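# Coordinate inspection notes
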Amino acid sequence: MADNSSRYISNLTRDTYALILAGGKGSRLHELTTWRAKPALYFGGKFRIIDFPLSNCVNSGIRRIGVVTQYKSHSLIRHLVRGWGHFKKELGESIEILPASQRFSDNWYEGTADAVFQNIDIIRDELPKYVMILSGDHIYRMDYGPMLARHVESGAKMTVSCMSVPLQEAAGAFGVMTVDEDMRIHEFTEKPAEPAPLPNDPSRCLASMGNYIFDTEFLFEELRRDAETSGSQRDFGKDIIPSIIKDHKVIAYPFETSKDEQAYWRDVGTIDSFWEANMEMVAPVPQLNLYDRKWPIWTYQEQLPPAKFVWDEDGRRGEAINSVVSGGCIISGSTLRRSLCFSNVRLHSYSTIEEAVILPDVEVMRNCRLKKVVIDRGCVVPEGTVIGYNHDEDRARGFRVSEKGVVLVTREMLGMPVGSLNG
């Protein structure tokens with residue numbers, strides 16, 4: 001029976017085309033997305049955010065994928081070409097990059113629904129029975145196969161993945177829905193200021209994860225109708241879903257993993273949430289297991305030497321405690337605590353770095369003290385720099401201090417020239 005079930009789901013995934021929406025600005029991340037789209041932002045020591053939905057597709061058996069790009073997409077496209085360009089079209093697999101190209105109008109993508117509408121002809125050429133639309137800027141692991149099976153078995157025209165979140169987190173941030181006992185959606189409101197609570201838990205609500213499954217022809221019909229509707233914002237959450245739930249069956253699919261593993265999903269849309277989610281990766285047993293060989297997260301990897309730790313003297317000891325350190329890093333006579341170093345980071349002697357997210361190609365010179373910081377790619381932190389201990393001084397020097405006290409440092413803030421390392 002298990003073999004039959006697996007074969008059934010594999011047939012469904014082969015009949016599915018996935019479209020990943022990866023054109024978002026990520027404006028709440030401020031300078032971290034000045035030179036890159038949010039899905040291209042680094043995460044977890046060696047990955048980019050886009051790697052998570054892409055890996056979920058591949059691990060789920062969905063190998064026909066389009067990635068919709070728009071905002072400052074150079075580094076994202078470069079990453080996709082380098083890390084995801086090995087798929088063979090002749091074997092029925094492909095990852096295609098779909099930049100805004102004014103295919104059906106003189107406008108760029110005007111909303112999530114319009115981004116799909118402008119690529120209808122490309123999707124149709126693939127002849128899928130189902131279209132899965134995925135957000136390209138969330139961190140999670142999810143097998144899409146059971147969701148596809150639930151969609152087909154329910155007879156729904158559309159399925160929305162969802163999860164229970166605290167009301168205060170959902171307010172103004174997520175689409176919120178109400179459902180009946182069969183998980184049919186009866187109300188859907190995009191980013192309400194006061195979300196509708198769950199009947200059995202008034203402190204939480206049912207939030208959309210931004211992942212949808214459609215029957216293909218139904219999707220095309222609704223997109224064409226929306227494109228002809230005056231005043232529409234061309235958005236799935238604001239327009240498409242509210243317009244179809246009255247006359248068509250639309251169901252919610254609760255995001256769950258296994259009984260032994262709590263569902264993990266993070267929207268790293270602010271500096272605080274980005275820092276917090278990265279900090280979760282340094283826990284002895286992270287809730288998101290990046291070491292699971294059965295569900296690997298794929299990415300582009302430059303060929304780099306192993307991380308290196310040098311000097312072993314009092315006051316000058318190269319060490320990393322409860323930290324993640326990637327290839328090409330040299331920890332030279334400095335102490336790293338509860339931090340992540342992405343590739344090619346150099347920490348010089350007599351420095352102490354705590355609770356830091358340090359993106360690739362950063363160099364921290366001698367006698368620095370850094371705490372609760374995010375250091376953007378390519379920064380060179382001058383000798384003797386102290387950041388994170390006095391926020392008034394941090395702001396006076398041009399660094400950005402978040403609501404929860406995370407200090408963001410970029411090349412521009414350090415007076416460095418803007419270059420290709422910003423991608």
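Thresholds applied
Residues numbered from 1 in each chain as written. Predicted model: local features only at pLDDT ≥ 70, side-chain atom pairs only at ≥ 80, totals over all residues. Heavy atoms only, no water. Salt bridge = Lys/Arg side-chain N within 4 Å of Asp/Glu carboxyl O. Helix = DSSP H or I, 4+ residues; strand = E, 2+ residues; numbered from the N terminus. Buried < 20%, exposed > 50% of the residue type's maximum accessible area, 1.4 Å probe, protein only. Contact = heavy atoms within 4.5 Å. Polar contact = N/O pair within 3.5 Å; in protein donor to acceptor, adjacent residues only side chain to side chain. Phe/Tyr/Trp six-rings, centres within 6.5 Å; stacked < 30°, edge-to-face > 60°. Lys NZ or Arg CZ within 6 Å of the ring centre and 35° of its normal. Pairing = 2+ DSSP bridges. Core = buried A, V, L, I, M, F, W, Y, C linked by side-chain atoms within 4.5 Å.

With that settled, consider the pattern of salt bridges. Per the counting criterion, the structure on display carries 19 salt bridges. Residues Arg400 and Glu31 are paired through a salt bridge, measuring 2.7 Å at the closest nitrogen-oxygen approach. Taken together, the residues span a long stretch of sequence, with Arg400 in strand 28 (residues 400-401) and Glu31 in the loop between strand 1 (16-21) and strand 2 (42-43) at a distance of 369 residues. Exposure remark for Arg400: the relative accessible area of 29% places this residue in the partly exposed category. One salt-bridge network, in which partners are shared between bridges, spans Arg28, Lys38, Asp137 and Asp267.

Mapped onto the fold, Tyr17 is located in strand 1. When the C-alpha positions of Tyr17 and Arg63 are compared, they lie 7.8 Å apart, and in sequence the two are 46 residues distant. When near neighbours in sequence (up to four residues on either side) are disregarded, Tyr17 contacts Arg64, Ile65, Gly66, Glu96, Leu98, Ile122, Ile123, Glu126, Pro128, Tyr130, Val131 and Met132. A polar contact of 3.4 Å, which involves the side chain of Tyr17, links it to the backbone nitrogen of Gly66.

What follows covers the packing of aromatic side chains. Under the definition given, this model contains eight aromatic pairs. Between the aromatic rings of Tyr140 and Phe255, the centroid separation amounts to 6.1 Å while the plane-to-plane angle is 85°, which identifies the pairing as edge-to-face. Taken together, the positions of Tyr140 in strand 7 (residues 138-140) and Phe255 in the loop between strand 12 (250-254) and strand 13 (265-267) put the pair 115 residues apart, joining distant regions of the chain. Take Tyr140: its relative accessible area is 0%, and that puts it in the buried class. On the accessibility criterion, Phe255 (5% relative accessible area) is buried. Geometrically, the ring pair formed by Phe214 and Phe218 is stacked, given 6.5 Å between the ring centres and 25° between the ring planes. In this structure an aromatic cluster arises from ring pairing among Tyr212, Phe214, Phe218 and Phe236. The aromatic ring of Trp35 is capped on one face by Lys72, whose charged end is 5.5 Å from the ring centroid. Of note, Arg316 hangs over the ring of Trp311, and the distance from its end group to the ring centre comes to 3.9 Å.

Taken in spatial order, the five strands of this open sheet run 14-19-22-24-26, and their pairing is parallel. Strands with a single pairing partner mark the edges of an open sheet, and in this sheet they are strand 14 (308-310) and strand 26 (380-381). Sheet topology places strand 19 (residues 330-332) next to strand 22 (residues 346-347); two bridges connect them, and they run parallel. What sits directly across from Ile331, in strand 22, is Leu347.

With that settled, consider the nonpolar core. Counting residues in each nonpolar core, the largest one holds 53 residues, and the members touching the most others are Phe274, Leu347, Val357 and Ile358. Elements with a minimum of two residues in this core: strand 2, helix 10 (271-280), strand 21 (340-341), strand 23 (352-358), strand 25 (369-375) and strand 29 (407-409). Counting residues per element, this core draws most heavily on helix 10, at five residues. If you look at the next biggest cluster of nonpolar residues, it comprises 40 residues, including Cys57, Met132, Met142 and Met147.

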